[in-house]
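Chains, contacts and geometry: an overview
Now for the letters of each chain:
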Amino acid sequence: MGAFLLLLLLLLLLLPLLPWAAGGAAVCGRCPGPLRNGSIVARYCASRADTESEGRCCRERGARPERLLGLDLSDCSLRSLPLGLAEAAAAIVLDLTENPLTPLPNGSFLGFTHLQRLAVPLALECPGGSSAWEEVTTHGSSRLCQGQRNACNGSGELAWLCPENAACAPAGPGLVQCLCDSPFHGYKCLREGTFPGLLFCGILGAVTLSLSLLLWGTQRRKAKTP
């Protein structure tokens, strides 16, 4: 059991160093080849002197940690969004054209608050609807959604859905979230004061230790049983 806990601790320490944890490295290789010529991502990357390409990604050169600016998933035979798409949440430009995509569920772009240009197949609508974007245009078999709007500023109704002591904040195209005002926290931001982090960690550590000891004792009894 001690060896298992040691291995678990080692994995937690190495987690930030894994390839998929480094700014969307896995999603950059989701499709073979480099950025496609003529894609909105390739054009955006070429328009900036401080960028470099890696697979299907456009990154900010020299940024630490590495910042993913664009992701080109055009012509990748996608029928649904890849599971690792959340790794590209910091992207400004995203190309999904020339894919047989089915209608996307609401919340597919949760966390994509920086997204300013999104190209999708013509059969799909812009996420959040046309009202979530400054401009929506069509060209050939694609639809271009440009200029993500702040949904909190666009409708007072969305803002008042947040409870008292909370403020509306954008969470992606047509999506909002409620963030507690300082020093409130907890359910519906009803608790006031700093979050008891030390107490929380202490309780969590005690529970984890108790469970570990219980499992260790159980394994020892099984090992001694003839």
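Residues numbered from 1 in each chain as written. Predicted model: local features only at pLDDT ≥ 70, side-chain atom pairs only at ≥ 80, totals over all residues. Heavy atoms only, no water.

1. Notes on the layout of surface pockets
Operational definition: Using a 1 Å grid laid over the protein atoms alone, points where a 1.4 Å probe fits but cannot get out form a cavity; open sets with protein on both sides within 12 Å along at least 5 of 7 lines form a pocket; any residue with an atom within 4 Å of a point counts as lining. Grid points are joined across faces, edges and corners, and a volume is the space filled by probe spheres set on the points. Put simply, DSSP marks the helices as runs of H or I at least four residues long and the strands as runs of E at least two long, and each gets a number from the N terminus on. Gly counts as polar in this scheme, as do all residues outside two lists: the nonpolar Ala, Val, Leu, Ile, Met, Phe, Trp, Tyr, Cys and Pro, and the charged Asp, Glu, Lys and Arg.
If you add up the space inside the largest pocket, you get close to 270 Å³. Around the largest pocket, the lining is made up of 18 residues, and of these Gly38, Ile40, Asp95, Thr97 and Ser142 lie nearest the centre. Among the secondary structure elements, those contributing two or more residues to the lining of the largest pocket are α3 (40-46), β6 (133-139) and β7 (142-148). The class makeup of the residues in the lining of the largest pocket is three nonpolar, ten polar and five charged. Lining the second largest pocket are 15 residues, with Leu104, Pro105, Asn106, Pro127 and Gly128 positioned closest to its centre. For the lining of the second largest pocket, a count of residues per class yields nine nonpolar, five polar and one charged.

2. Examining the pattern of salt bridges
What counts, and what does not: When a carboxyl oxygen of Asp or Glu lies within 4 Å of a side-chain nitrogen of Lys or Arg, that pair is called a salt bridge.
Per the stated rule, a full pass over the model turns up nine salt bridges. Where arginine 59 meets glutamate 54, a salt bridge forms, and the shortest distance between an N and an O atom there is 2.6 Å. One salt bridge in this structure joins arginine 67 and glutamate 60, with 4.0 Å as the shortest N-O distance. The structure contains a network of salt bridges with shared partners spanning Arg36, Asp75 and Glu98.

3. What about the state of the cysteines?
Formally: Disulfides are defined as cysteine sulfur pairs within 2.5 Å. Throughout this description, buried means an accessible area under 20% of the type-specific maximum (1.4 Å probe, protein chains only), exposed means over 50%, and partly exposed covers the range between.
Going through the model one piece at a time under the given rule, you end up with seven disulfides. Two residues, cysteine 31 and cysteine 76, share a disulfide whose sulfurs are 1.7 Å apart. Pair noted here: cysteine 31 is in the loop between α2 (25-28) and α3 and cysteine 76 is in the loop between β3 (68-72) and β4 (93-95), with a separation of 45 residues, a long-range link. A residue is classified by how much of its surface remains accessible, and cysteine 31, at 5% relative accessible area, is buried. By relative accessible area, cysteine 76 is classed as buried at 12%.

4. Details of the environment of glutamate 164
This is how the line gets drawn: Between two residues, a contact is recorded if the distance between any of their heavy atoms is within 4.5 Å.
By the element assignment, glutamate 164 lies in the loop between α5 (156-160) and β8 (166-172). Residue classification places glutamate 164 among the exposed residues on the basis of a relative accessible area of 66%. Each C-alpha atom, one on glutamate 164 and one on aspartate 181, is 9.1 Å from the other, the two residues being 17 residues apart in sequence. Residues contacting glutamate 164, with those up to four places away along its chain left out, are Lys188 and Cys189.

5. Some remarks on unusual backbone geometry
Of note, the bond from serine 182 into proline 183 is cis; its omega dihedral lies within 30 degrees of zero at 10°. Mapping proline 183 onto the fold places it in the loop between β9 (175-180) and β10 (184-185). Positive phi values are uncommon outside glycine, yet aspartate 75 reaches one of about 55°. Relative to the assigned elements, aspartate 75 resides in the loop between β3 and β4. Assessed through its relative accessible area of 40%, aspartate 75 is described here as partly exposed. Backbone geometry at cysteine 189 places phi at a positive 55°, although glycine is not the residue there.

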